[in-house]
Amino acid sequence: MSKTAAREGALETRGIEPVPDHERTARTRGLFPTWVGANISVLLLTMGASLVVAYHLNFWQALVVAAVAPVISYGLVGLIGIAGKRGAAPGMALSRAVFGQRGNLLPGSLIWVARWGWETINAVTGAYALLTILDLALGIKANGVLDMVTLLLFVIATFVISGLGINAVQKCSKYATYLFGVFSVLVLAYLAVHTDWSRVLHGGAGSTASLITAVGMIAAGGVSWIPSAPDFTRYLPRTASSRAIVGQTVGGAGIVVLPLVLMGAVMAVATPDLASASDPVSFLGTILPLWIAVPYLLIAVVGMLLINSMSMYSAGFTAQTLGFRVPRHWAVSVNAVISLALGGVLMLVASSFMGSFIAFLSMLAVAFSAWTGVFGADMLRRKEYDPRALADTTPTSAYWYRAGFSPAAVASWATGLVSGLLFTTSDWFTGPLAKNNPIGEYGLGWIAAIVISAALYLALPKPRITPSTPTPAPAEAQIPATV
């Protein structure tokens, strides 16, 4: 976070416009707690349990999944985050340079809608965590009215934090990280003593197809952050180390994802009915003693608030790039209302949380991957972004291209998206090419979306890039940053 922005107060007022060089005083080491905070979620426990319950993997296979998935997904997050230091603007604003001012509305709209689902899942999980706390600590049982009250409280808190801006999100992440880390160690110690390790370590192995598909399922959470990566690196100076950006991103995420997924896999031995559970949290109350479960869930609620706050923070930028001419904190309110409505439907109607969640993740990964392929391929040739062209949404913009569209980018994105869906299998949708081939059987539709969209974009002729003429940076911004 820049010192200038911090002096303005807790409320961040900057929108999608590029950050001036004199405000770009952040350090890459600040990304580590940011991505730690982005993964403080009991959903990772649930996802780890699903590796055993739904994918039938043993502990050692779960270890492979938990180690590989964050490296792949958050490696991509870190790589796309490099664009933030180059352009000093949010990801979906920089995307205008790739797709054109009008063309960017197509992937931007899909990504915005996909965020509704991710924020809804997190809000529902937070509400279930609150309900479990009320049950364990006070004996108050859930009902329809209480479900909606806890969901409303969670969404309101999310809106407040995300509306304040990145400074508030990062400060909350710092303290939540310490608390969650301490109690996670307690949970690990308890499991180490009370787990039947002979059952855990000697379980039957699942198929290779299930193993690879599970990597995609765990990685989907990280993939959903890819378009938002520049949102959290735009305050870095131009001299920031690209290697450090990737390393801090992967390290921050991996240090949380690996142990939580493995903890979930161990817990699954005692919860074989998790796959059919109506919520993803209450099983913790049956596994952990009250003195651990209640404070752990309270801290997890804070973590999920931060995750949703980060998502809504980025969603506010996406809404602005789609033409909503309102301040970012008001743009955030649109996602808050939508997640409240969709969350109510999920809590009152869905019979199996895990089934709905895994189906959503499979679709989410493809939706974000097609954009990733095109944007990532474009980064190979574009080292700078013209701030005036990004802000100019009229035909005078250097990023107007042909009638506001970059044909190569839009065509590549659409082809990658459709191709990925053709190979995808879920409870909601099964593509015609999802069977009888390795891509479909191994759940690699999202990888296909990245590869196909990137390859096609590199092959197609692209609009000429107007040379950027950046304004000379103030003297203070010329000093190399400490990273």
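Residues numbered from 1 in each chain as written. Predicted model: local features only at pLDDT ≥ 70, side-chain atom pairs only at ≥ 80, totals over all residues. Heavy atoms only, no water.

(A) Main features of the overall build of the protein. When helices and strands are counted, the protein shows 20 helices and 0 strands. Among the 483 residues that make up the protein, the fraction classed as buried is 58%. Contacts in the protein between residues far apart in sequence, at least 24 positions, make up 87% of those at least 6 positions apart. Counting every atom, the protein has about 18600 Å² of accessible surface; 68% of that belongs to carbon and sulfur. (Helix = DSSP H or I, 4+ residues; strand = E, 2+ residues; numbered from the N terminus. Buried < 20%, exposed > 50% of the residue type's maximum accessible area, 1.4 Å probe, protein only. Contact = heavy atoms within 4.5 Å. Areas by Shrake-Rupley, 256 points an atom, 1.4 Å probe, with all protein chains shown as cover.)

(B) Inspection of the packing of helix 3 (residues 43-53) against helix 12 (residues 242-267) at higher detail. At a minimum axis distance of 6 Å, the contact between helix 3 and helix 12 shows a crossing angle of 55°. In terms of axis orientation, helix 3 runs oblique to helix 12. Helix 12 is crossed by helix 3, and the crossing has right-handed handedness. In this structure, helix 3 contributes L44, L45, G48, A49, L51 and V52 to the contact, and helix 12 contributes V256, V257, L260, V261, M263, G264 and A265. (Axes fitted to C-alpha atoms, helices over the stretch in contact; angles between N-to-C directions. Parallel < 35°, antiparallel > 145°, perpendicular 65-115°, else oblique. Left-handed = near helix turned anticlockwise from the far one by under 90°.)

(C) Representation of the side chain of D147. By the element assignment, D147 lies in helix 8 (residues 144-164). Comment: no salt bridge for buried D147; closest opposite-charge side chain is K141, at 12 Å. Not counting residues within four places of it along the chain, the set of residues in contact with D147 comprises L131, A142 and M347. (Lys, Arg positive; Asp, Glu negative; His and termini not counted. Salt bridge = Lys/Arg side-chain N within 4 Å of Asp/Glu carboxyl O.)

(D) Spotlight on the confidence of the model for the protein. Across the protein, the average pLDDT comes to 83, with 85% of residues at or above 70. Predicted confidence is poor over residues 468-483, with pLDDT under 50, and the contacts of this stretch with residues over four places away or in other chains come to 18 contacts. (pLDDT = per-residue confidence, 0-100.)

(E) Region of the structure containing helix 12. Its 26 residues give helix 12 an end-to-end C-alpha distance of 38 Å, which sits within 8% of 38 Å, the value for a rise of 1.5 Å per residue. Helix geometry: helix 12 is bent most strongly at G254, by close to 30°. (Expected span 1.5 Å × (residues − 1). Bend = angle between axes of the 7 residues up to and from the residue.)

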